[in-house]
Amino acid sequence: MAQDNIVVGVDIGSTKITVIAAQGKATGSRFDNIEILGFSEVLVPEGAVINGSVENIMQVGTALREALAEASSRSDLDIGIVNVSFSGSHVRVTPQSDGSIRPTSSAGDEVTQKDVDQLVDDMYRAKTEANYDVLHVLPMEFVVDNSMGVRQPVGRTGIKLGGNFLIVSANNQSIQRTRKSLIEADPHLRCDKMIYAPLATSLAVLDEGEMKAGIAMVDIGDHTTDLVIYSEGIIRHIASFPVSGRLITADLKTGCGIQLPNAEKLKKEHGVAISADVPLNIEILVNFLAGRAPKQVLKKNVALIIEERLKEIAAMVYAEIVKSGYEEHLIGGLVLTGGTANIPEIEILFEKVTNMPVRVGLPERLAHTAKADAVSNTSYSTAIGLAWAGIKSIDPRVKSICRPPVHQSAPLRETPTKPKEVKRLPKDDGSFWDRIIGRKDDSIGDY
């Protein structure tokens, strides 16, 4: 993937594109942390990406070009190969099982890594919805002959090898638009891995101890809230909900009678998750319309609006955890990330709703540098996770959980025959509203 363990992650989100260029730092054969070499964050035009899915190839390509140029300038790298995220309501996660008789095997032969990788590769031909492609095969447990629940089959003896998997598939037209936006940004650019955004994020904000103990990562983004459950170091459950930070902003817009950009600014600068301790007499002046006097908004009302929507999100997450059957296995509780996780006291609210330990997750294992300080926030978690995915495996039991790269057909413009590698450049010194006003959701309770 990269020269000298240098990897570039590109996170295409609904509101912005973030890029991280990083280099793995190893102790012996184990990567302990990564050094941030460069980074960038560029907004995408409204509607260019909807619910995580690229809709306007040219607009996204332009934003990508700007983001890559900025990251390249900061890192002194010539960026030619990247890991890219995909997400959206079109993504499907389904459990499936499969197995095979190992050819030329006998009861005395040990299962090899090649056998396991072949079984995983076969799952990329699993039956999916029409116009959907399998992008990830995530093994849970394996079956060797009559032995069920085998975590590591390599070295066991048996004739039959099978497994239980989570299959992540995505609409192939959406994925193709993402690939075309990369070509639009730079015809030299090559995608090494496409990774479902919540999986990449978990690499950045969780540690191996939490994954083994049992942990649920909750990424509250702009358009969706994503849930990934780990137990015994294995991904056990993935879910996504169409309730997120954007709905909080929309609630504030309606409740306070202001425009959407004002509501977003109000949320970021004055929002809190718990309203009980907010005094009744604190007023906030909002410049909501040019030529008009600022509007007075009570901070108490802002907190009440945010709290109600966050209760709904927390309740949906908790219901999904219970549905998964892993509620009693999550010793580590919840880790919150995504832009909405920056709202003060959000972990207190989630603890009250779920009755589980909660922490806010920032990117882990970054070498201490000024650049690392600049990206040590939830906005860069997915891009940092994409960089980690080029350095270490999401599941070390298999060769890869990603679909093998395919030839990118139908480029938007003529491309060179040989893609550029990531390399160092010479140093350049240049530059429910209803619920609040008239109805209470008793199913969530009072806090």
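Within every chain, residues take consecutive numbers counted from 1 along the sequence as written. Per-residue local features of the predicted model are confined to residues with pLDDT of at least 70, and side-chain atom pairs are confined, for both listing and counting, to 80 or more; whole-chain, interface and lining totals are unaffected and use all residues. Excluded from the side-chain calculations are hydrogens and water; all other atoms, namely the structure's heavy atoms, are used.

Caption draft 1: Structural context of the sheet that holds strand β2 (residues 16-27). DSSP calls a pair of strands paired once it identifies at least 2 bridges connecting them. Per the convention used, a helix needs a DSSP run of H or I reaching at least four residues, while a strand needs a run of E reaching at least two, with both numbered from the N terminus. Strand order across the open sheet formed by 5 strands is β3-β2-β1-β7-β12, with mixed pairing between neighbours. Bordering the open sheet on either side are β3 (30-43) and β12 (190-196), each of which pairs with just one other strand. The average undirected angle you get between the axes of adjacent strands in this sheet is 25°. The pairing of β2 with β3 spans 12 bridges and is classified as antiparallel. All axes are obtained by fitting lines to C-alpha atoms, using only the stretch in contact for helices, and the reported angles, taken between N-to-C directions, cover 0 to 180 degrees.

Caption draft 2: Representation of the nonpolar core. If you look at the biggest cluster of nonpolar residues, it comprises 90 residues, and the most contacted ones within it are Val 10, Ile 17, Ile 20 and Leu 199. Per element, the largest residue contribution to this core is 7 residues, and it comes from strand β9 (residues 132-144). Any two residues having at least one pair of non-hydrogen atoms within 4.5 Å are treated as being in contact. Those residues in contact with Ile 17 that sit more than four places away from it in its chain are Val 10, Asp 11, Ile 12, Ser 40, Glu 41, Val 42, Val 44, Val 60, Ala 63, Leu 64 and Ala 67. Throughout, nonpolar core names a set of buried Ala, Val, Leu, Ile, Met, Phe, Trp, Tyr and Cys residues whose side chains join them through atoms within 4.5 Å. Throughout this description, buried means an accessible area under 20% of the type-specific maximum (1.4 Å probe, protein chains only), exposed means over 50%, and partly exposed covers the range between. Grouped together as the second largest cluster of nonpolar side chains are 40 residues, Ile 274, Leu 310, Ala 314 and Leu 349 included.

Caption draft 3: Broad picture of the pattern of salt bridges. Throughout this description, the term salt bridge denotes a Lys or Arg side-chain nitrogen within 4 Å of a carboxyl oxygen of Asp or Glu. Scanning all chains against the criterion turns up 20 salt bridges. The salt bridge partner of Asp 122 is Arg 125, with a shortest N-O separation of 2.6 Å. In this structure Arg 125 comes out as exposed when scored by relative accessible area, which is 64%. Between Glu 264 and Lys 268 there is a salt bridge whose closest N-O contact spans 3.6 Å. With a gap of 4 residues between them, Glu 264 and Lys 268 both fall in helix α7 (residues 260-270), about one helical turn apart. The class for Lys 268 is exposed, based on a relative accessible area of 65%.

Caption draft 4: Broad picture of the sheet that holds β9. Across the sheet, 4 strands lie side by side as β8-β11-β9-β10; this open sheet has antiparallel pairing. In this open sheet, the two edge strands, each paired with only one partner strand, are β8 (92-101) and β10 (147-150). Between one strand axis and the next, the sheet turns by 35° as a mean value, whatever way the strands run. The sheet contact formed by β8 and strand β11 (residues 160-171) spans 10 bridges and is antiparallel.

Caption draft 5: Just the pairing of strand β15 (residues 234-241), in detail. Counting buried residues in β15 gives 7 out of 8 residues, a clear majority hidden from the surface. Judged from the 7 bridges that link them, strand β14 (residues 225-231) and β15 form a sheet pairing that is antiparallel. In the sheet register, Asp 226 faces β15, and the bridge partner there is Ser 240. The loop that links β14 with its antiparallel partner β15 comprises 2 residues; one of these, Glu 232, has a positive phi angle of about 55°.

Caption draft 6: Main features of the confidence of the model for the protein. For every residue, the predictor states its confidence as a pLDDT score lying anywhere from 0 to 100. In the predicted model, the protein carries a mean pLDDT of 87, and 87% of its residues have values of at least 70. Element-level pLDDT for the protein is lowest in helix α12 (residues 433-438), with a mean of 47, against a maximum mean of 97 in helix α9 (residues 346-354). Ignoring residues within four places in sequence, the model shows residues 407-421, a span with pLDDT below 50, making 34 contacts including any to other chains.

Caption draft 7: Geometry of α7. Taken together, the buried positions of α7 are occupied by Asn 262, Ala 263, Leu 266 and Lys 267. Each buried residue of α7 lies within a common arc of 140° when the element is viewed along its axis, so the set occupies one face. In this structure, α7 carries Pro 261, Lys 265, Lys 268 and Glu 269 as exposed residues pointing more than 90 degrees from its buried face. On the buried face of α7, the contacting elements are α6 (245-256), β16 (283-286), β17 (295-298) and α8 (299-324). Regarding the arc, it is the one traced by the directions from the helix axis to the C-beta atoms.

Caption draft 8: Layout of the environment of Glu 46. Checked against the element boundaries, Glu 46 lands in the loop between β3 and β4 (49-50). Each C-alpha atom of the pair Glu 46 and Lys 16 lies 9.8 Å from the other, and the pair is 30 residues apart in sequence.

Caption draft 9: Here's a closer look at the side chain of Thr 225. Among the structural elements, Thr 225 can be located in strand β14. Any pair of N or O atoms that falls within 3.5 Å is considered a polar contact. Within protein, one atom must be able to donate a hydrogen and the other to accept it, and sequence-neighbouring residues count only if both atoms are side-chain atoms. Of note is the side chain of Thr 225, whose polar atom sits 2.6 Å from the backbone oxygen of Val 243. Discounting chain neighbours no more than four positions away, the residues touching Thr 225 are Val 218, Asp 219, Ile 220, Ala 239, Ser 240, Phe 241, Val 243, Ser 244, Ile 313 and Val 317.

Caption draft 10: How the structure looks around the packing of α8 against α9. Viewed as axis vectors pointing N to C, α8 and α9 meet at an angle of 50°, and their least axial separation amounts to 9 Å. Taken together, the axes of α8 and α9 lie oblique to each other. The way α8 lies across α9 gives a crossing that is right-handed. Residues Glu 307, Leu 310, Lys 311, Ile 313, Ala 314, Ala 315 and Tyr 318 of α8 lie in contact with α9, whose contacting residues are Ile 346, Leu 349, Phe 350, Val 353 and Thr 354. For this classification, the nonpolar set comprises Ala, Val, Leu, Ile, Met, Phe, Trp, Tyr, Cys and Pro, the charged set comprises Asp, Glu, Lys and Arg, and every other residue, Gly included, is treated as polar. Of the residues belonging to the contact of α8 with α9, the class tally is 9 nonpolar, 1 polar and 2 charged. In this scheme, roughly parallel covers angles under 35 degrees and roughly antiparallel covers those over 145, while 65 to 115 is roughly perpendicular and the rest are oblique. Each helix crossing is assigned a hand: it is left-handed if the near helix lies turned anticlockwise from the far helix by less than a right angle, otherwise right-handed if that turn is clockwise.

Caption draft 11: View of the packing of helix α4 (residues 197-205) against helix α11 (residues 381-389). Where α4 contacts α11, the axes come no closer than 7 Å and their chain directions differ by 85°. Viewed along their axes, α4 and α11 adopt a mutual orientation that is roughly perpendicular. When α4 is examined against α11, the residues Ala 197, Ala 200, Thr 201, Leu 203, Ala 204 and Val 205 are found in contact with a partner set consisting of Ser 381, Thr 382, Ile 384, Gly 385, Leu 386, Trp 388 and Ala 389. Residue classes in the contact of α4 with α11 are distributed as 9 nonpolar, 4 polar and no charged.

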